[in-house]
Amino acid sequence: MFANNEIKKSKTTYNMAVNDLIFPKEYKATLSLREIERAVKLIKDLFEESLSSELKLRRFSAPLFVMKGTGINDDLNGSERAVSFPVMDMDDQRAEVVHSLAKWKRMTLADFGIEEGFGIYTDMNAIRADEVMDNTHSIYVDQWDWEKVMSESERTIAFLKQTVKKIYSTVKRVEYKVYEQYPHITPQLPETIHFISAEELLEKYPDLTPKERENKITKEHGAVFLMGIGGKLANGEKHDGRAPDYDDWSTSNEEGFAGLNGDILVWNPILETAYEISSMGIRVDKKAMEHQLQVESAEERKDLMFHRRLLSGEFPFSIGGGIGQSRLCMFLLQTAHIGEVQASLWPEDMREACQEKGIALM
């Protein structure tokens, strides 16, 4: 009976995934599969070099898995299950495949004594088994995870915006390089990125859902940094979820609203939707983490290794985030599905439906 229920659930999930897909009218890939492979390497090489120079980041090797029960793994929205397995030579203690390296990076800054004003970046590869697959989501996640040491006085919205502008200028630079190599792929990003808080966005569009609000503002401006994601808004709801122990989404800042984090969103004309390429923010200090753990009823995490070290003052003040590698490649190469730039697992009916619409999944 259990097996039959699992099969039924699996089939239902597949059908939902296909029903949620966006199929652009008369879609045709801008590049062949062979050309896409070359273009992906070009984008990754250029972006990595430019980002490290712009933010003063050194490349570090990243773990694929961490030990369970240490508090190092990213909890994302707090409900996603990590892929785990026993390690034979460690008395079958369980390790977890990372969701992201949000906490590991900050610990690494401390352990390696990275100086203020400098930071690290990694090639992060993750498995998110609970991800709902669609045009922009895969169970395989690849991103540039980065973290930078900052001073306490820089824990401001002004410093956050300054960092966002540097990342956005890097994206613009690579977009132009892609255009130089492939002139038929026309640049589409605006010159500047627009800043708005989740609270201000709610005030602007009170009758819309969070996703509808994102679509409205991003279509209007082309590129948006949406700030203050994780805490409850004036309507008692969250714009989106954030774990309570890395981004600072509750501290009131100099512009009067809470939150020192956010998402970089761009308008995707192929899918006609707001499109996230990065989630980032100034990280929690002791006060912010204690408050956010209390708000999220997660105070038991204080006993975990990562949290104990942060609360004892071992970690530097920092800012960091993740930038989707396949997400960025998909956007810059103007493909309709992330599976056109990334090899992963896809439901068979999704493959078939995409093939019928001229979308070839790797």
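Residues numbered from 1 in each chain as written. Predicted model: local features only at pLDDT ≥ 70, side-chain atom pairs only at ≥ 80, totals over all residues. Heavy atoms only, no water.

Another aspect to go through is the pattern of salt bridges. Side chains that differ in sign of charge can pair as their charged atoms come close. A full pass over the atoms with the stated rule returns 22 salt bridges. We note a salt bridge from Arg 173 to Glu 54, for which the minimum N-O separation is 3.3 Å. In this pair, Arg 173 sits in helix α4 (residues 157-181) while Glu 54 sits in helix α2 (residues 33-55), placing the two residues 119 residues apart along the sequence. Of the charged contacts in the structure, one is a salt bridge between Lys 238 and Glu 296, with a shortest N-O distance of 3.0 Å. Here Lys 238, found in the loop between β8 (223-227) and β9 (261-268), pairs with Glu 296, found in the loop between α7 (286-295) and α8 (305-311); they are 58 residues apart in sequence, far enough to count as distant. (Salt bridge = Lys/Arg side-chain N within 4 Å of Asp/Glu carboxyl O. Helix = DSSP H or I, 4+ residues; strand = E, 2+ residues; numbered from the N terminus.)

Of the residues in the chain, 94% reach a pLDDT of 70 or more, and the chain-wide mean stands at 90. Within the model, the stretch residues 1-14 combines pLDDT values under 50 with 2 contacts to residues more than four positions away or in other chains. (pLDDT = per-residue confidence, 0-100. Contact = heavy atoms within 4.5 Å.)

Before going further, it helps to examine the packing of α2 against α4. Contact geometry for α2 and α4: axes closest at 9 Å, N-to-C directions at 150°. Relative to α4, the element α2 is oriented roughly antiparallel. Handedness of the crossing formed by α2 with α4: right-handed. On α4, the residues that touch Leu 42, Ile 43, Leu 46, Phe 47, Ser 50, Leu 51, Glu 54 and Leu 55 of α2 are Thr 163, Lys 166, Ile 167, Ser 169, Thr 170, Val 171, Arg 173, Val 174, Lys 177, Val 178 and Gln 181. The class makeup of the residues in the contact of α2 with α4 is 10 nonpolar, 5 polar and 4 charged. (Axes fitted to C-alpha atoms, helices over the stretch in contact; angles between N-to-C directions. Parallel < 35°, antiparallel > 145°, perpendicular 65-115°, else oblique. Left-handed = near helix turned anticlockwise from the far one by under 90°. Nonpolar A, V, L, I, M, F, W, Y, C, P; charged D, E, K, R; others polar.)

Here the focus is the pairing of strand β6 (residues 140-149). Among the 10 residues in β6, 9 count as buried, and that is most of the element. As defined by bridge partners, strand β5 (residues 119-127) adjoins β6 across 9 bridges and the pair is classed as antiparallel. Residue pairing across strands places Gly 119 opposite Lys 148, the latter belonging to β6. Pairing of β6 with strand β11 (residues 318-324) involves 7 bridges; the strand directions are antiparallel. Counterpart to Gln 143 in the pairing with β11 is Gly 324. (Buried < 20%, exposed > 50% of the residue type's maximum accessible area, 1.4 Å probe, protein only. Pairing = 2+ DSSP bridges.)

What follows is about the sheet that holds strand β3 (residues 84-87). Across the sheet, 3 strands lie side by side as β2-β4-β3; this open sheet has antiparallel pairing. What marks the edges here is a single partner per strand, and that holds for β2 (65-67) and β3. Pairs of neighbouring strands in the sheet enclose a mean axial angle of 35°, with direction left out of account. Of the pairings in the sheet, the one linking β3 to strand β4 (residues 93-97) comprises 4 bridges and is antiparallel in character. Following the sheet pairing, Pro 86 is matched in β4 by Arg 94.

Here we take up helix α3 (residues 102-111). Think of an α-helix as 3.6 residues a turn; residues three or four steps apart then line up on the same face. Counting buried positions over the 10 residues of α3 gives 8, a clear majority of the element. In this structure, the buried side of α3 is in contact with β5, β6, α8 and β11. Remark: Gly 113 follows α3 within two positions and exhibits a positive phi of approximately 60°.

Right, let's get into the environment of Val 98. Residue placement: Val 98 occurs in the loop between β4 and α3. Under the relative-accessibility criterion, Val 98 is labelled buried at 1%. For the pair Val 98 and Met 67, spaced 31 residues apart in the sequence, the C-alpha separation amounts to 9.6 Å. Once residues within four sequence positions are removed from consideration, Val 98 is found in contact with Pro 63, Leu 64, Phe 65, Val 66, Asn 73, Met 124, Asn 125, Ala 126 and Ile 127.

In terms of nonpolar packing, the biggest core is built from 62 residues, with Trp 146, Phe 225, Met 280 and Leu 333 touching the most fellow members. No other element matches the 9 residues that α4 contributes to this core. Counting residues in hydrophobic clusters, the runner-up holds 23 residues, among them Ile 72, Ile 120, Val 149 and Phe 306. (Core = buried A, V, L, I, M, F, W, Y, C linked by side-chain atoms within 4.5 Å.)

With respect to the helices and strands, the residue Lys 103 is situated in helix α3. When its relative accessible area of 0% is taken as the criterion, Lys 103 is described as buried. In this structure the side chain of Lys 103 is engaged in a polar contact, spanning 3.0 Å, whose partner is the side chain of Asp 245. (Polar contact = N/O pair within 3.5 Å; in protein donor to acceptor, adjacent residues only side chain to side chain.)

Counted by the stated rule, this structure contains 7 aromatic pairs. On the basis of an interplanar angle of 50° and a centroid distance of 6.1 Å, the ring pair of Tyr 176 and Tyr 179 is categorised as tilted. Residue Tyr 176 and its partner Tyr 179 are both found in helix α4; the two are separated by 3 residues, about one turn of the helix. Residue classification places Tyr 179 among the partly exposed positions, given a relative accessible area of 31%. When the ring of Phe 306 is compared with that of Phe 315, the centres are 5.1 Å apart and the planes differ by 40°; the resulting orientation is tilted. With respect to class, Phe 306 is no different from Phe 315; both count as buried. Taking the ring centre of Tyr 275 as reference, the NZ or CZ of Arg 327 above it sits at 5.5 Å. The ring of Phe 23 carries Lys 357 above its face, with NZ or CZ at 5.9 Å from the centroid. (Phe/Tyr/Trp six-rings, centres within 6.5 Å; stacked < 30°, edge-to-face > 60°. Lys NZ or Arg CZ within 6 Å of the ring centre and 35° of its normal.)

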